Structure formats: structure tokens, C-alpha cells
Amino acid sequence: DSWLKNDFIKTVQSRGAAVIAARKMSSAMSAAKATADHMRDWWFGTQGDKWVSMGVISDGSYGIEAGLMYSFPVTIKNKEWTIVKGLDIDDFAREKMDATAKELCEERAEAEKDDA
């Protein structure tokens, strides 16, 4: 639990710099690989009870504002995604999810303000 809340979070937050340090080049290849994996999952679907995380438009699941682009657990069949419902969310995860949603809403508001 301590590892998840401390070391893991710090590692994820600095992953771009870690990729650059290890490869001596941009983290663009990592982003390209993630994009390719995302498209593979969308094209071929998920198998059985497996799900993947995908940025999709929220339908209000898990208390995330409807209409917000957010990463959810999804299954994919016939090139259509469905948000997985009912996963347990502990207090730590809820706090991180809410913080992410808040940041995304702020970024959206800033982008919309620039369009006006």
C-alpha cells in the first residue's frame, strides 16, 4: 500500500524523463506504442472478461462528470467500447480520480475560454 501511494505514483509522474534518460531520445516512441496498442484493442476488441483503459467520453460512471473525456476501464466488441461498471474504488483511488477529473475540467474550461 505504501509502495503504491509513494514510489509508484512518483515513478508514473516522472516516466517521460525516465524514458528520455534511458533512451537518450524523446519519449515519443513510448507514446506511439501506446497509440498503436490502443488502436489494436479498438480494432480487434477485448477477449473474454479482459478490459483495457481507454480515454472515452464519460457517461457519468464512477462519479465522473458526464461528457468529460476520461480514462475508464472498457471492454470492446465489434469496434464499440463499453465502460466496465461496478469495479471497487477505494478512498485512495477515489481521491486520485477526483483530482484528475478536476484537472481535466480546468483544462477544458481553459481551452473553451481560448475559443471564445
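It should be noted that the structure appears before, not after, this text.
Remember, it's a predicted structure, so these values are computed and weren't measured experimentally. (Residues numbered from 1 in each chain as written. Predicted model: local features only at pLDDT ≥ 70, side-chain atom pairs only at ≥ 80, totals over all residues. Heavy atoms only, no water.)

Undergrad: Would you take a moment to explain the sheet that holds strand β1 (residues 52-57) for this structure?
TA: Spatially, the three strands line up as an open sheet ordered β1-β2-β3, and their pairing is antiparallel. If you trace the sheet from one side to the other, it starts and ends with β1 and β3 (80-83), each paired once. Between one strand and the next, the sheet's axes are offset by a mean angle of 65°, whatever the strand orientation. Across six bridges, β1 lies against strand β2 (residues 69-77) in antiparallel orientation. (Pairing = 2+ DSSP bridges. Helix = DSSP H or I, 4+ residues; strand = E, 2+ residues; numbered from the N terminus. Axes fitted to C-alpha atoms, helices over the stretch in contact; angles between N-to-C directions.)

Undergrad: Looking at this structure, I do not really get unusual backbone geometry. What am I missing?
TA: The phi angle of most residues is negative, glycine excepted, and most peptide bonds adopt the trans form. Backbone geometry places N78, a non-glycine residue, at a positive phi of 50°. With respect to the element layout, N78 can be found in the loop between β2 and β3. With phi around 65°, K79 is a residue other than glycine that occupies positive phi space. Relative to the helices and strands, K79 resides in the loop between β2 and β3. Since its relative accessible area comes to 39%, K79 is described here as partly exposed. (Buried < 20%, exposed > 50% of the residue type's maximum accessible area, 1.4 Å probe, protein only.)

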